[in-house]
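# Coordinate inspection notes
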Amino acid sequence: MQTLLFLILFPILVACLLLFVKRTTLRYVVVALSALAIGGASIYLLMRYAFEGAVYFAAPSEAAGLVMVAIEMGLALFIIYMGAKFRNYLAIALAAVQAALVVYLEATFSGSLHAVNNLFIDQFSIIMALIIGLIGSLIAVYSVRYMETYHHHHPEVRDRQKIFFFVIFAFLAAMFGLVFSNNLMWVFFFWEITTISSFLLIGYSETEEATKNAFRALVMNLLGGVAFVVALIILAATEATSGGIDLARVLASGDTAIILLPAALIGFAGITKAALMPFSSWLLGAMVAPTPVSALLHSSTMVKAGVYILVRFSPVFAGTFAGFSIGLVGAVTFVVASAIAISQNNAKLVLAYSTIANLGLIAACAGVGTYMLVWAAILLIIFHAVAKALLFLGTGAIEHRIGSRDIEDMEGLIVRMPRMAVMMFIGIAGMFLAPFGMLISKWAAIEAFVQVPFGIVFIAILAYGSAVTVFFWAKWMGKLVAVTRNQERVEKGFFEEPWAPLYIITGLVIAAVLLFPVISSVLIEPYVLAIYGVTALMAQANVAIMLLMMALLLVLPVSFLLFRRSAKSLPAYMGGRTATPDLHFSGSLGRTQEAQTRNYYLTEYFGEAKLFLPGAVVCTILILASWVLAGVAL
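Below, the structure is looked at part by part. Please read all numbers here as calculations on a predicted model, not as lab measurements.

## Points about the overall build of the chain
Within the chain, the regular secondary structure consists of 26 helices and four strands. Taken against the 2.2 N^0.38 rule, which gives 26 Å for 634 residues, the C-alpha radius of gyration of the chain at 25 Å falls within 12% of a compact globule. For the chain, the spread of C-alpha atoms along the three principal axes comes to 85 × 55 × 45 Å. Only carbon and sulfur atoms are counted for the fraction: they give 67% of the accessible area of the chain, which is about 25100 Å². Considering the chain, the positive charge centre built from 35 side chains and the negative charge centre built from 30 side chains are found 8 Å apart.

Rendered as structure tokens:
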């Protein structure tokens, strides 16, 4: 239990210390050493508990519960103050309602608000702890130099780096608390800390747009918070049969009719936090924050909390119409967000829509909730976390060098920033190319959907969504590796800076691909077996196919290395026209033209204006349907 408490409390101590550190060099030392300690403790958890199944700890709750309620009231007052300052009355109303519900819960059901064991760890918690501890910590290290450069590029933004790093480490502590808590009151407390943390980080620049987007994220997540508290009230009121606020007892109660409605409400909270439609706009608005914030929200914190809670409750959703509706919310989000990504040329928006799409796919698996789909969902969480962290941090580094995040401006990056381009190539390959992880996970999901009633609906959505995914990733990848002439190399000096996190995360992407059969057999399969009594297994033939694909994929870069000295550089073929070395040619009317390439974005077919509203309406109807169907079961 000491390691669990260390991972929850140590980041808070670091956060408080960073409030007093002003110099960048000293901040870097503190953050790097802290990241080392947090990452090391996360790995120790893996070594200590990987083979022990679920282990519970009776952490004292009396004093901790009082402190948590006091902090929750303090946070509610803070939201009301900020809402009054910026005249956001909806945020004030939701904070007041949520606080009133918490007081009602504490006052009315105080005798039912106890869990036998407040903390626990199992294989799924270990996976989440590794994602938070390794990816989250590396993002924190990366952020130190990034924020220094950020303020150099944005002198108009008030330097509040002390608050920034305080919130970053408080965020990590809250995420650890969330995945280790067996007491749902504690889960809710840490849940709300992540909401406030994201609000503060999104609004960091204090511009009108940042403030507006921060409040949008706050309001949408407060909606989920209100639903979460209502679920706690129902569980406390039915404590004898539902298990109350004891997560393990709730999941083991077996009385689906009683726990389905609170599970659906908690699932709704997960949908808001995971930014599924119709709540995806808060995650898109969060792109206004500094890039490390985007990486943190997308890879190891905020949205991962949403899908974590959905996967935790997936055994309750399994075989129910309410769960089927939640699954359809995820499936519709997957296909619509993937399609909208085609129309985007802003790299961060492409990554954001891609995240929303993949979270939708994870939610689809969790909502349907069979053992094979839970196995696929956890694989998706792992691969998405490492690849998306690399891509966001890489995009931030590129933006600082070339002054743009437009994909078209990244043409020829393999010439201008070859090492960065290779890392981005690996990250993008991780999102869609065989045998990298996301494609394997989708393959596993298709196999699992075959075996469920109406699974053909999900398979069709998955097939179409995956097809458009290939479209937008392939055109970005093409821009990166296009060989252009007379381009200045701007990478010099880039690797002189201590940005080792990019190297390490690139290694983690590759390691996840090579070691995923081991990850599956040691962590995912035992977890699924403990929950469902059966588990999914990787077929030996599939592993062999994956290794064969990996070998074929290596042929191209290896051949470049082998024939690098003997290769001939030829002029570009211009359809027979005479062209200058810098690709200017004589046009039909005698005018000199420059040869250019540009991707298709097809905004008239896949633009936000065309697809967002229909997708949001459909998902809203499905969410309401899940509540009605859960209520009917009750």
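Moving on, there is more to tell.
## As for the packing of aromatic side chains
Any aromatic ring pair is given by two values, namely how distant the centres are and how the planes are angled relative to each other. Counted according to the given criterion, the structure contains 25 aromatic pairs. Ring geometry for F124 and Y527: centres 5.4 Å apart, planes at 45 degrees, overall tilted. With F124 in helix 5 (residues 123–153) and Y527 in helix 23 (residues 500–532), the pair connects residues that are 403 residues apart, well separated along the chain. We note that F124, like Y527, is buried.

## Considerations on the pattern of salt bridges
Overall, the coordinates contain 10 salt bridges when judged by the stated rule. Among the ionic pairs, E239 bridges to R249, the shortest N-O distance being 3.2 Å. With E239 in helix 9 (residues 239–242) and R249 in helix 10 (residues 247–252), this pair connects stretches of sequence that are 10 residues apart. The exposure class assigned to R249 is partly exposed, which follows from its relative accessible area of 34%. Residues E408 and K479 are paired through a salt bridge, measuring 3.0 Å at the closest nitrogen-oxygen approach. Residue E408 is found in the loop between helix 18 (371–402) and helix 19 (413–416), and its partner K479 is found in helix 22 (residues 455–481); the two are separated by 71 residues along the sequence. On the accessibility criterion, E408 (10% relative accessible area) is buried. You can call K479 buried: its relative accessible area is 5%. Sharing partners across several salt bridges, the network here consists of E408, E411, K479 and R598.

## Let's talk about a nonpolar patch on the surface
On the surface, a nonpolar cluster with roughly 400 Å² of combined accessible area is contributed by L26, V29, L33 and L36. Looking at where L36 falls in the secondary structure, it is placed in helix 2 (residues 24–49). For L36, a relative accessible area of 63% puts it in the exposed group.

## Things to note about the side chain of T320
Relative to the helices and strands, T320 resides in the loop between helix 15 (314–317) and helix 16 (321–342). When its relative accessible area of 15% is taken as the criterion, T320 is described as buried.

## Observations concerning the packing of helix 3 (residues 62–85) against helix 4 (residues 89–108)
Where helix 3 contacts helix 4, the axes come no closer than 8 Å and their chain directions differ by 160 degrees. Taken together, the axes of helix 3 and helix 4 are roughly antiparallel relative to one another. Once helix 3 is placed against helix 4, the crossing between them reads as left-handed. Residue-level inspection shows V69, E72, M73, A76, I79, I80, G83 and A84 of helix 3 in contact with helix 4, the latter providing A91, I92, A95, A99, V102, V103 and E106.

## Observations concerning the environment of L113
On the secondary structure map, L113 appears in the loop between helix 4 and strand 2 (119–121). Residue L113 is classed as buried on the basis of its relative accessible area of 11%. Sequence separation of L113 and Y146 is 33 residues, and the distance between their C-alpha atoms is 44 Å. Setting aside residues up to four positions removed in sequence, L113 forms contacts with L105, E106, M185, A236 and I245.

## Considerations on helix 20 (residues 418–432)
Counted at 1.5 Å a residue, the expected span for helix 20 with its 15 residues is 21 Å, and the 21 Å between its end C-alpha atoms agrees. Among the 15 residues of helix 20, 12 are classified as buried, and the element is accordingly described as predominantly covered. Looking only at helix 20, the buried set comprises P418, M420, A421, M423, M424, I426, G427, I428, A429, G430, M431 and F432.

## Some remarks on helix 14 (residues 302–312)
In terms of residue burial, helix 14 counts as a mostly covered element, since 11 of its 11 residues are buried. Listed in full, the buried residues belonging to helix 14 are M302, V303, K304, A305, G306, V307, Y308, I309, L310, V311 and R312.

## Observations regarding the nonpolar core
In terms of nonpolar packing, the biggest core is built from 232 residues, with F169, F180, W282, F313, F449 and W476 touching the most fellow members. Discounting residues that sit within four places of it in the chain, W476 has contacts with A347, V350, L351, T395, I407, M410, M424 and I428.

What counts and what doesn't
- Residues numbered from 1 in each chain as written.
- Predicted model: local features only at pLDDT ≥ 70, side-chain atom pairs only at ≥ 80, totals over all residues.
- Heavy atoms only, no water.
- Helix = DSSP H or I, 4+ residues; strand = E, 2+ residues; numbered from the N terminus.
- Rg over C-alpha atoms; globule rule 2.2 N^0.38 Å.
- Areas by Shrake-Rupley, 256 points an atom, 1.4 Å probe, with all protein chains shown as cover.
- Lys, Arg positive; Asp, Glu negative; His and termini not counted.
- Charge placed at Lys NZ, Arg CZ, Asp CG, Glu CD.
- Phe/Tyr/Trp six-rings, centres within 6.5 Å; stacked < 30°, edge-to-face > 60°.
- Buried < 20%, exposed > 50% of the residue type's maximum accessible area, 1.4 Å probe, protein only.
- Salt bridge = Lys/Arg side-chain N within 4 Å of Asp/Glu carboxyl O.
- Patch = residues over 30% accessible without salt bridge, like charges linked within 9 Å, V, L, I, M, F, W, Y side chains within 5 Å.
- Axes fitted to C-alpha atoms, helices over the stretch in contact; angles between N-to-C directions.
- Parallel < 35°, antiparallel > 145°, perpendicular 65-115°, else oblique.
- Left-handed = near helix turned anticlockwise from the far one by under 90°.
- Contact = heavy atoms within 4.5 Å.
- Expected span 1.5 Å × (residues − 1).
- Core = buried A, V, L, I, M, F, W, Y, C linked by side-chain atoms within 4.5 Å.

These results come straight from atomic positions and should not be treated as a statement about function.
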